[in-house]
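# Coordinates in review
If you want the building blocks of each chain, they are given just below.
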Amino acid sequence: MNAPLLAAHGLTNWFGKVCTALDLDVAFHEGVLTSVIGPNGAGKSTLINLLTGHLPVQAGRVEFRGKDVTRLPVHARVRLGICRSFQIVNVFPQLTALENVLIPALAAAGRTRRFFSPVSRETAARAEAEAALERVGLSDHGGKLASALSHGDKHLLEVGVALAARPALLFLDEPTAGMNPLERARLLESIRSLSREGRTTFVLVEHDMDVVFSLSDRVVVLHRGEVLCDGAPDHVRADAKVREVYLGQELEAAPRQGALP
Amino acid sequence: MWKSLARALPFLLLAALALLPLAGERFVTYLATRMMLLAIFAVGYDLLLGQTGLLSFGHGAFYAAGAYALGFFSLHVSQHPLLGVLVAVAAAALLGLAVGALCVRSSEVYFSMLTLAFGMMVYALVWNASDVTGGDDGLVGIMRAPLSLPGLSLPIARDAQFYYLVLLFFAAAVLAAWRIRRSPFGLVLTGMRENATRVAFAGVPVRRYRLAVFTMSAAFAGLSGGLETLLESSARPSMAHWTHSAEPMLVSLLGGLGTLSGPIVGSFLFIALREIVQRFTEHWMLGVGIILLLIIGAFRGGVVGTLHQLVERRRARETAP
Amino acid sequence: MQSIVHVLLAGLSSGMFIWLVASGLTLIFGVLGILNFAHGSFYMLGAYVCYTVVKVFAPHFYLGVLLGPLAVAAIGLVVERRFLRGVYHLALPYQLLLTFAFVLIFDNLVKIVWGAGSLTPPVPEALRGSVSIVGRKFPVYSLFIIAIGPLVALGLWALLERTWLGRTVRAAASDREMAAALGAPVPALYTGVFAFGAWLAALGGALAVPYVGLLAPGMGESIVIDAFIVAVIGGLGSLKGAFVGALVIGVISAFGTRFFPTFDMALTFLLMAAVLLVRPRGLFGAAA
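As the structure is a computational prediction, the values presented were derived from the model and not from experiment.

For chain B, the count of helices and strands is 13 helices and four strands. Against the 2.2 N^0.38 benchmark of 20 Å for 321 residues, chain B shows a C-alpha radius of gyration of 20 Å, consistent with a compact globule. In terms of overall dimensions, chain B has C-alpha extents of about 70 × 50 × 45 Å along its principal axes. Going through the 321 residues of chain B one by one, you find that 55% of them count as buried. Excluding contacts between residues fewer than 6 apart, the proportion of contacts in chain B whose partners are at least 24 apart in sequence is 77%.

Listed below in C-alpha cells is the structure:
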C-alpha cells in the first residue's frame, strides 16, 4: 500500500464543551476518490476545516506527503496542493465568474505578485481559468458577475473556484447542494473524469447516498467526531454500526418489510 | 461613441492640464497644483480603500513623513528637488511598512483603529518634538532649488514652473496606479476586498499582500507630502492628523470608490467646490457633510459611478428592441 | 502624596465623562454593529442644549440635565430612522463616513446657532462647594460625577440583565435574524438603542457643563476619540470593558497631563495600540 497523500493522526477539537473531533485517525491516498459521510453534527466540516488549516489544530498531527503541515497556515497548504470548496457559496460577488476562477489560477501559476503588467497578458492562467469554468459548465457565463448568477450556477462556480487551482487533493463540501439533476449529473461526471485523469484526488463530503455509492472508491463514516467505519462502499454499507447510526434508511435500495420508521 | 470618448478623456485632461498655466491666472495654477497633489494622495489611498477594502485613518502620518523627510533633507543635506522627492517617498514607504506590519494583523474595525492610533502618535511626536520639527509651526523655509540634471538646470521657483513638475509626478502616479489596478496583484486585491478567506484558500498570503498595498499607498502619500512641502515651503504637524487622512477618503468617495478616475475627479471637484463655497460662507464643512449624506444615500458610486450608470442606462435603452 | 490622590480623583471624574460617552458608543456598536463617529456630537449637543435651557428658560441646572439629553435623544432617533437604517447592509467605510457626515453637520450647526466662540456657563450654586481631601480642597461636583458613573453602570447592567427589554436587546445584538423571527421588533429596537446611546452621551455633555467651565464646538471631537480608545481597549461591545477602560484612561491621562506633559497626547493612543497588539479584541472583547 503506497504512502498516503494526506494523513491525520489523533486530531482532536473542542468548541468550548462540545467535542467536534475526537482522536481522529484518517488517511487519504492518491487517486482514491473518498466520500466522508455521517449524520448532521458528525464533524465532517470540522474535519475539512482542520485538515485544510481553516481551524487551528488543538491536538494531533496532519501530514501531507510525509511532511508535517499541522501548523501551516491556509495559504501555504493550498500552495502544497490541499484545496477545498465550501458548503455555503463563498465566492467573490462583485467579480465576474471568469475573474473568480482566475484568482486561484493565477495563484497556482505563481503570477499573483506581478503588479505592473496587465492581467490580460496572463494567457496561461486564463486558459486554466477557462478550463475550470468549462468543467463546471459555466463557460457561457464567464463575463457575468458572480452575484448575478442563478443559485445553482453559484454553486457550480463555488466548485469551479476550488478546481481552478488544480490541487493535488481537493475537499468538496457538499458540492451538489442546490443543484438541479442536470447540473448535478454534469458535475459528477466532471469529478469522475478528473479523478480518472489522476492529477487531483477528490474527497467529497456528501449527504446524497446515490452520489456517494456511485462515485466513491472508499467511504469514511463519521459519527460524533469519531471515525465509525472506513473502507470500500459495499463494506461500509453492510457494516452493522453504520446501519444503526443511519437507522438503515438511506443505505437501503428498497425499504425492508417491517423496518423501523 | 462613448467608448472612444472615455478612452480619449485622460489624454484630453492631460492636455488641458498642460495648457492651464499658459492662461496666466496665478491663483488657478496654484489651485490646480493643489488638486493634483490631493489626487496623488487619493489615488494611492484608494488602492487601499476602494480596491482592497481597508480603511486607514493614519495615512496623514505617511504624508507628513514624506513632507518632513523632504524638509529635513532640503534644509540639511541637499536642495535638489528630485532627490528630496525620492527621500520623501522612501521615508513614507518605510514608515508605511513598519506601521502596516503591525496593523495588517488585525482586520476591519481594529485595523482602522490601529491606523488611527499610529497616525495620531506620529502627529503627537511631530507636534511635541518642537526642537527638531518646529512643533506646531512646522518646518519652514524650504526652497525650491532648480532641478539640476546632467547638462541643464530647470528652475522651478515660479509657481508655473513648479506646476509642470507636479504635473509630471501626477501623470506618473496615475499611470502607476492604473497599472497596479490592472495587474494580477490588483485582481487579487479586489478579491481580498470581496472575500479575504477565499483568497487565502486560493493560495495567497493575504496579510503579506495587505502589507504590500499598504506600503504602496503610503508611498503615494509621501510623494504628495513631499511635493506639498516644496509648494508651500513648509511642513506642518496637521498633515499627520486623522482629519487630514479623511480628505482622500472623502474625495475618493465623492468621485467614486474603487475606480481610477474617481479619486482624481473627486479631488478636483472637492477643491473647486471648497474655493467657491468658501467665498460665500465659512461653513463649507457643513456642505461637505450634506454632500456626503447625498452620496452615501443615493449616489454611492460617486460622480464617476453615477455617470457610468447613466451611460449604461442610456446604452440599454438604445439597444433595447 | 497629596498630588497623587488629587490627580487620581481628577482622573476618575474625567474618566466618568468618557464612560458616559463610551457606554452609548459601546451599546450602539454591540447591538447595531455601527461605530458612531457622531457620538461626540451628541455629547456636545447635550452640553449646548443644557446650557441654553438653563440660561434662557429656567435657571435650574437639573432641568437642563433633564431636557438636554432628551432633546438629543430625539435627534438620535431621527438620525437612525431616516439615515442610518439605509446603511446597515453596506461595508464599514460607508457607515463610518455617514456618521462622519453627521459630525460635520452637527459641528457646523452648533457654530451657526451658538457661534463659533466658546461659551462660559454659570455654575449652579448648589454645586460650587469643595471638600477637603488629604489636606487640599477638591470640588464637590467632581465627587458627584465620580458617584454618577457607577450609578449609570449599575443602571445599565440592571436594564440589560434584569429586564425583558434588556434581554430582547441582547438577543437582537447576538443574532438579529433569529430575534426578528421570534417576534422581536428589531428595527424599533435598533432605533431605541441608538436614541438611548445618544441620550447617554448627551447626559455626559449636560453634566459636563459645570465641570469643564467652557463650551466650544470642538468639545465633541476630543472626547469621542477618547471614547473610541476606551471602547476598543475594553473590547468593542463590552460595557464592562468600557467602564474599566474609561477609568484606566481617565486616570492615566490625568497622571500624564500632570507629570509627563510632553507625552500625554500620544499616551492614550500608545496604550490602545499596545492593548490591541497583545489582545487583538481588547481586554474583554470576544476572542479573536
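Having seen the model, we can carry on.
What follows concerns the sheet that holds strand β1 (residues 6-15) of chain A. Strand order across the open sheet formed by four strands is β2-β1-β4-β5 (chain A), with antiparallel pairing between neighbours. Only two strands of the sheet have a single neighbouring strand rather than two, namely β2 (18-28) and β5 (67-68) of chain A.

What follows covers the sheet that holds strand β7 (residues 169-173) of chain A. Pairing between sheet strands relies on hydrogen bonds along the backbone, with the strands arranged either parallel or antiparallel. Residues and elements named next belong to chain A. Strand order in the open sheet formed by six strands is β6-β7-β8-β3-β9-β10, and the pairing between neighbours is mixed. Each edge of the open sheet is held by one strand with a lone partner, namely β6 (82-84) and β10 (226-231). Direction aside, the axes of adjacent strands within the sheet are offset by 20° on average. With five bridges connecting them, β7 and strand β8 (residues 201-205) associate as parallel partners. Within the sheet, the bridge partner assigned to leucine 172 lies in β8 and is leucine 204. Lying on the sheet, helix α1 (residues 44-52) is in contact with β3 (34-37), β6, β7, β8 and β9 (218-223); it crosses β7 at an angle near 150°.

Let us look at the pairing of strand β1 (residues 130-133) of chain C. Residue and element names in this part refer to chain C. Here β1 pairs with strand β2 (residues 136-139) via four bridges, running antiparallel. Considered in β2, the bridge of serine 130 is made with proline 139. In this structure, the hairpin formed by β1 and β2 is closed by a connection of two residues, where valine 134 is found at a positive phi of approximately 40°.

Contacts between the two partners involve 32 residues from chain C and, on the opposite side, 31 residues from chain B. Looking at the side of chain C that touches chain B, the elements with two or more residues in it are α4 (92-114), α9 (219-234) and α11 (264-278) of chain C. The leading source of residues in the side of chain C that touches chain B is α4 of chain C, at 14 residues. Classifying every residue of the side of chain C that touches chain B by side-chain character gives 28 nonpolar, three polar and one charged.

Here we come to the packing of helix α3 (residues 59-76) of chain B against helix α5 (residues 108-128) of chain B. Residue and element names in this part refer to chain B. For the pair α3 and α5, interaxial distance at closest approach is 8 Å and the crossing angle is 35°. Contacts between α3 and α5 pair Gly60, Ala61, Ala64 and Tyr68 from the former with Phe118, Gly119, Val122, Tyr123 and Val126 from the latter. Of the residues assigned to the contact of α3 with α5, the class counts are seven nonpolar, two polar and no charged.

What counts, and at which threshold
- Residues numbered from 1 in each chain as written.
- Chains lettered and ligands numbered in written order.
- Predicted model: local features only at pLDDT ≥ 70, side-chain atom pairs only at ≥ 80, totals over all residues.
- Helix = DSSP H or I, 4+ residues; strand = E, 2+ residues; numbered from the N terminus.
- Rg over C-alpha atoms; globule rule 2.2 N^0.38 Å.
- Buried ≥ 20, exposed ≤ 12 C-beta atoms within 10 Å, placed from the backbone.
- Contact = placed C-beta atoms within 7 Å.
- Pairing = 2+ DSSP bridges.
- Axes fitted to C-alpha atoms, helices over the stretch in contact; angles between N-to-C directions.
- Nonpolar A, V, L, I, M, F, W, Y, C, P; charged D, E, K, R; others polar.

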